[in-house]
Every structure is written in structure tokens, then in C-alpha cells.
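# Structural description and commentary
What follows is each chain in one-letter form.
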Amino acid sequence: MATSNPAFIPDGTPDDFDPETCPKKLPLTGAGFPPKPPDYSPTATMTTEKKQPPRDKWSKDIEFLLSCIALSVGLGNVWRFPFTALENGGGAFVIPYLIVLLLVGRPIYYLEMLIGQFSSRGCIDVYDASPAMRGIGYGQTYSTFIVMTYYSSLMGVTMRYLVASFGDPLPWSECKDSWNATCIDSRLAVNMVEGDNATKVSSAELYFVNDVLKEADSIDDGIGSPDWRLALCLLIPWTCICLTLVKGIKSSGKVAYFLAIFPYVVMLVLLIRACTLEGAGAGMLYFIKPQWDRIFEAKVWYAAVTQVFFSLTVCFGNVIMYSSYNRFSNNVYRDVTIVSIMDTCTSMLAGLIVFGVIGHLAHVTDAPDLSKVVRGGAGLAFITYPDAIAKFQFWPQFFAVAFFLMLFVLGIGSNVGMATTIMTVVRDRFPHLKPSLVAFVIAIIGFSIGIIYTTPGGQYLLDFLDFYGASFVALVLAVFEMITFAWIYGVGRICRDIEFMLGIQTGLYWRICWGFVTPVMLAAILIYHVATYKALTFNGYVYTNGMYAFGWCVFAAGVLQLPAWALYAVLKRKEATWQDRIASCFKPTHDWGPEDPELNAKYHESVYKYEQTVPAGRSLGRKMIDNVFH
């Protein structure tokens, strides 16, 4: 055999395998095994062509845990969860959210942690487990980049509020004559305009729309020019992100101590204040009381799935990337339990605060429908929270500064994770590039694109790209991610990998979720969402046909990564027939497994021994059942 790697690895054909000089392939299962096991020495199983410098590791396990908390517990909880719940019926959304979290979110989170730690590979190289599916990693990186750009713009808005919080009085606490609307001062705790039937709007909402965003009524005539104040504020988060990236993963771990702990102190203070507002109880009850007629709406379940993705930050490659820097035997089962509980509690805490304030606003404005008290979308966090702070009788400036500093910290924690994912992808491909150069380029590109969101039409684009470039793409690729690891790579092999890595048996809950429940639920929700698709609107505005065409192009650019890279993987193979080429692209590469050469050799030997015990001729259905239950 003309090959630089003489070992035969049963789970994949070497890249330089030549069928002409070696036409007969050794069988994997059943009769006919070679009399002597193949060579599994480190030099035989690890190739030199893909050899990378040793991967950085977290200084301490606690830094990984806190970094995951800072990544997952972020704007997705404090900003996205409340407005998603508001738009989907409050309690009608919470029930599906908790179900999806249990059956989809936690299983995917645990799976991504395991695969990343086991292989020490980033979100693209992890698909060495099935090279034909590598496009999933590229598509998820694409979505991560889109989310990163608009998350940073939200931090720019946060910084704008942080600076304004030092004003006395708070600029959003009182109405301005220039707003030319029926306005209620947010600092007031009672309704001062009794008997007025006109539409009443809080000063906090008018300040956000008119002073901060200078939002346009439509984007039919373009998105307008960037606001210089927001552009300047956008520069600050990108500077912080760039400096963190330059220092590497160990620096991120140190920063995580502050990023993960500080927000909870501020949120508990705001919860106490929200509970003391008149009418808050009605808002909180709306949040936790299900509207049973809306629970069966596909839109609500789709919103629950996408919120779980954003809340736990799964199916974007970030969790895989963070866990790839773990030591091989780190107890990720403990970590996933802690992070998922913290994430859920934070979302519920943020929801209680926001809906408590919404209930108070409904009481103040005599609004019969809580869902129409304030506008939804990205602005909810910049309306309800400031409105609550404006009602503080004692030193509201202090609480405003503390809250927006907390929001900024949450945003930095999430955005550092997303930017690190992009940086890991680049450096895995080009390890000779200096970290400082890669960090600087990412910051420049991210800032340049983020400028778009500082225009009067920026919020229209944010909602648009969030749907077509992030949520929709993430759901499609999530289905294929589960198919890859649960059905192609196999639940059974994942469980054996866990036992090899951690020495523990995998429970039936995880096996059933990975093998059946999670992929089936994701596929069903995706199909139903596509079948009931309706054109996206923003606060009643209907986008032009050109914008919808652009949206589908953005969507296609993410999803079509999968077939494009699958075709590339097939064309790269050297087997004699197309059937063999395609089949080999769905098997792990010959160096798949632990990063350490000694462990990698032991791992491949254990795989080979297991394959000897597997009977030949099993049906596909039998293989799937055996994967889950054995």
C-alpha cells in the first residue's frame, strides 16, 4: 500500500488510500478479521499533515464554567427572552420554552460540550467525525458572525444609556415637548392624565425611539445616516472585545469571574423594586399563567426553540469552541447541569422583572391589554427596565448606572464568546497568524458592519437579519447537527466516547433525547414552521419584495454551506467508485479522537476491539435502536 500511514483505522479511510494498489479493504465486522490487530501506536494513528500546535487550555475548570455562564447567561436572557415571551402570549410561551429546554436545549448543550472536549476541535474541525457534514460548522460560524454584529450594536445602545444615566434628572424620566405625543413621565408612580382617551406612551419609550435611535417610520427611502453618538458608543464594546481576544482564552477565563457574577446582584435589586410597583402582580401573573389556546400555535413553539438556541447559545458553535479548550477529563456533566439551571433561572428572573414593570405601566395607562402596553422587539429591554429605574425615589442615577453596566457586562460576555468562535475558526485554519492581528481584523469588520445598526433604519435590519440570518439558519443546521452526531456518528459511539473520556455510563434520558426526541422535535418544528411561514414584519411595517429576496439570499448563504462542503469532501476523496467516496465521507477521519497522541492510540484500539464484537448484516432500524439502548 502506497501510504504514509501503514495502520488500518477501522473508522475511516486514510486520505492517501490508493484503491489501485490496495483494492481489497479489510472487513470491519463479522467474519474475516485480520489475525493480528492493526498498529495503533501514536505515530501510526496521528498524521503530520494536520498536526497543530498544542491547544491552549483553561487555567482552571471553574474558569470554563464561569465563561459558559457568561456566554449563555447574557442578552439572550435579559433582552431577548422577555420580548419573545411578550410577543407570544406570556405564559403561553413559558410552557413550550421549558419543554423545549428539557428535551432539546439541555441534550444539545451536553452533546456539544462532550464533542468539543473529547476532540479538542473547534466548531468546524469537530466535523472530522463526519467530513461530509463540515458545512454545518461553516454555516453556524456564519450565523454567529451575524449575531455578533448586531449584539455589539445593542451594546452600543447600552453604552449610550450608561453615559446618559449620570444625568439629573434621568433624561428618559420626563416628557419633552419636542416628542409631540401624549406622554406620561416614567418617574411617576400614578396616572396623572385620568380621563384622556388618547394613546398614552411612557417617556422611556419615546426617549428610546426619538432620542436614542431617531427611528424612521419606514425604510422605503433607505436606512439613513449613522448617528455619531451611537457610532462612538459602538467603538467602546469593540475595543473591550478586541483587547480580550488578544490576551487569549486564559484572559477570557479571568474576566469571566466578573462577567458571570456581577449581573445577578443588579437583577435581584431590580426584582425587589419591580415587586413594589403598583399593578406589577398582574404583569407577573400574565407572564406565568398559560393561555392554553395559544400553546398549540406553531409560531410559539418555533419561538421557544430559537429562544433556547439564543439563551443557551447552542447550535452556533460557541459551546463546542469553549469546551475544546478543556482538559480531557473535565466533568462536563456537572457543568451542563449548573449552566442550564442558571440560564433558566436568569430567564425567568428577567421575565418577572420586565412583566412586573409592564403590569405597572398597564395600571398607569389604564391599558386593558398587557401585550400592547409597550412595543416589542429589541427595544423592550431599553424601555421597561429604564422605566422601572426612573421610579426609584432614592438615587435613581446609581441604579441606572448599575443596570446598564450590568447589561454591558452581559453583552461583553456573550460577544467575547462569539468573537472567540470566529477567531478559533480562523486560527485553526491559519495557525501562523498572530492572535493580535486576527483580533484586530475581527474588531474592525464587526465595527464596520455594526455601523449599519446605528442608522434610523437600523432596527428594521436588526429584526430582519435576526430572522433570516440567525434564527432560521440555526434551526435548519441544528436538525442536521443532530442527524450527524446521533444517527451518522451514532449515539452508541458517543456514549462509548463518554465512558472512555469520563469513565461514566450515559443515562437513558440522554440516549433517548439524542437518538429520537431531540432530532424529531427539531425536524417537526422546522417543517411546520416552513409550512406556515408568513412574511416577516416589524412593528406593522411590511418589507419590500426586494428586501425579502435579500433575506432569502442571506438564509441561503448559511444553509447552502452544507451541500457545498459535502460536495467538496466527496470530490477530495481518492476511492475508485463514487459509492465508496460518498461512504468514506460519512466516517470519522483516521486521526479523529483525543488530541493527545497516546490517548488517541488507546481510543482507536478500543474502537477496533468494539467493532470486532458487532454482528454483521444488521438493518438500519436495528442499528439505530442498538445505538440508543446498547
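Everything numeric in this text was worked out from a predicted model, so none of it was measured.

Right, let's talk about the overall build of the protein for a bit. In terms of helices and strands, the protein carries 22 helices and four strands. Within the protein, contacts between residues separated by at least 24 positions form 83% of all contacts whose residues are at least 6 apart in sequence. Counting every atom, the protein has about 25,000 Å² of accessible surface; 65% of that belongs to carbon and sulfur.

The subject of this paragraph is the side chain of arginine 121. Inspection of the secondary structure puts arginine 121 in the loop between helix H4 (91-119) and helix H5 (134-164). There is a polar contact of 3.1 Å between the side chain of arginine 121 and the backbone oxygen of aspartate 591. For arginine 121, the side chain forms a polar contact with the main-chain oxygen of glycine 593, separated by 3.1 Å. Apart from the residues within four sequence positions on either side, arginine 121 is in contact with Arg55, Gly116, Val126, Asp128, Ile320, Ser324, Asp591, Trp592 and Gly593.

Here we come to the nonpolar core. Across soluble globular proteins, nonpolar side chains have a tendency to be buried as a group. Counting residues in hydrophobic clusters, the biggest one holds 179 residues, and the most contacted among them are Tyr150, Trp172, Phe309, Trp514, Leu522 and Tyr543. Residue contributions to this core peak at 26 residues, all from helix H16 (residues 458-502). Counting residues in hydrophobic clusters, the runner-up holds five residues, among them Leu277, Ala280, Val357 and Leu361.

What follows covers the packing of aromatic side chains. Evaluated as defined, the whole model comprises 48 aromatic pairs. A centroid spacing of 4.5 Å and a plane angle of 55 degrees characterise the contact between tyrosine 110 and tryptophan 510, whose relative ring orientation is tilted. One end of the pair, tyrosine 110, is in helix H4; the other, tryptophan 510, is in helix H17 (residues 508-531), and 400 residues separate them in sequence. Like tyrosine 110, the residue tryptophan 510 is buried in the burial classification. Residues tyrosine 509 and tryptophan 510 carry aromatic rings whose centres are separated by 4.8 Å and whose planes lie at 65 degrees to one another, so their mutual orientation is edge-to-face. Above the face of the tyrosine 610 ring, arginine 496 is positioned so that its terminal group lies 3.6 Å from the ring centre. Sitting over the face of the ring of tryptophan 578, arginine 581 holds its NZ or CZ atom 4.8 Å from the ring centroid.

Taken as a whole and judged by the stated rule, the model has one disulfide. Between the sulfur atoms of cysteine 175 and its disulfide partner cysteine 183 the distance amounts to 1.9 Å. Its torsion about the S-S bond being -85 degrees, the disulfide of cysteine 175 and cysteine 183 is classed as left-handed.

Turning our eyes to something else, we now look at the packing of helix H18 (residues 545-559) against helix H19 (residues 561-572). Relative orientation of the contacting elements H18 and H19 amounts to 35 degrees, with a least axis distance of 5 Å. On H19, the residues touching Ala557, Gly558 and Val559 of H18 are Gln561, Leu562 and Pro563. For the contact of H18 with H19, the class distribution of residues is four nonpolar, two polar and no charged.

Tallying each qualifying case throughout the model produces 13 salt bridges. A salt bridge links aspartate 185 to arginine 187; the nearest nitrogen and oxygen atoms lie 3.5 Å apart. What makes aspartate 185 buried here is its relative accessible area of 17%.

The next thing to look at is the packing of H5 against H18. Think of two packed helices as two axes; the pair is described by the angle between the axes and how far apart they sit. Running from amino to carboxyl end, H5 crosses H18 at an angle of 135 degrees, the nearest separation of the two axes being 7 Å. The angle between H5 and H18 falls in the class oblique. Contacts between H5 and H18 involve Gly139, Tyr142 and Ile146 from the first element and Val554, Ala557 and Gly558 from the second. Class assignment for the residues of the contact of H5 with H18 results in four nonpolar, two polar and no charged.

What follows is about the confidence of the model for the protein. Of all residues in the protein, 83% attain a pLDDT of 70 or more, and the chain-wide mean is 82. Every residue in residues 45-50 is under pLDDT 50, and counting partners more than four places away or in other chains gives 19 contacts. The low-confidence segment residues 191-197 (pLDDT under 50) makes eight contacts with residues lying over four places distant or belonging to another chain.

UniProt marks Val73, Asn77, Ser311, Leu410 and Ser414 with the feature "binding site: Na(+)" (unreviewed entry), using the numbering shown here. A stretch of 342 residues holds the annotated residues, and the largest C-alpha distance among them is 12.1 Å, short enough that they meet in one place. Along the chain, asparagine 77 turns up in helix H3 (residues 75-87). Those residues in contact with asparagine 77 that lie beyond four places of it in its chain are Ser72, Pro82, Ser311, Asp343, Thr346, Ser347 and Ala350. Within the structure, the side chain of asparagine 77 is placed 3.1 Å from the side chain of aspartate 343, a separation counted as a polar contact. Counting through the fold element by element, leucine 410 comes out in helix H14 (residues 396-429). Once residues within four sequence positions are removed from consideration, leucine 410 is found in contact with Ala70, Val73, Gly74, Leu75, Val78 and Pro263.

Let's shift gears to unusual backbone geometry. Aspartate 168 connects to proline 169 through a cis peptide bond whose omega is 5 degrees. Phi is positive for serine 120, close to 55 degrees, though the residue is something other than glycine. Here serine 120 shows up in the loop between H4 and H5.

Among the structural elements, glycine 540 can be located in the loop between strand S3 (537-538) and strand S4 (541-542). Residue classification places glycine 540 among the exposed residues on the basis of a relative accessible area of 64%. Each C-alpha atom, one on glycine 540 and one on serine 218, is 10.0 Å from the other, the two residues being 322 residues apart in sequence.

What follows is about H5. Count 3.6 residues to each turn of an α-helix, and residues three or four apart come out pointing the same way. Taking 1.5 Å as the rise per residue, H5 with 31 residues should run 45 Å; its terminal C-alpha atoms sit 46 Å apart, in good agreement. In terms of burial, H5 is largely enclosed, as 28 of its 31 residues are buried.

Conventions adopted
Residues numbered from 1 in each chain as written. Predicted model: local features only at pLDDT ≥ 70, side-chain atom pairs only at ≥ 80, totals over all residues. Heavy atoms only, no water. Helix = DSSP H or I, 4+ residues; strand = E, 2+ residues; numbered from the N terminus. Contact = heavy atoms within 4.5 Å. Areas by Shrake-Rupley, 256 points an atom, 1.4 Å probe, with all protein chains shown as cover. Polar contact = N/O pair within 3.5 Å; in protein donor to acceptor, adjacent residues only side chain to side chain. Core = buried A, V, L, I, M, F, W, Y, C linked by side-chain atoms within 4.5 Å. Buried < 20%, exposed > 50% of the residue type's maximum accessible area, 1.4 Å probe, protein only. Phe/Tyr/Trp six-rings, centres within 6.5 Å; stacked < 30°, edge-to-face > 60°. Lys NZ or Arg CZ within 6 Å of the ring centre and 35° of its normal. Disulfide = S-S within 2.5 Å. Axes fitted to C-alpha atoms, helices over the stretch in contact; angles between N-to-C directions. Nonpolar A, V, L, I, M, F, W, Y, C, P; charged D, E, K, R; others polar. Salt bridge = Lys/Arg side-chain N within 4 Å of Asp/Glu carboxyl O. Parallel < 35°, antiparallel > 145°, perpendicular 65-115°, else oblique. pLDDT = per-residue confidence, 0-100. UniProt positions renumbered as here; feature names shortened; annotations may be inferred. Expected span 1.5 Å × (residues − 1).

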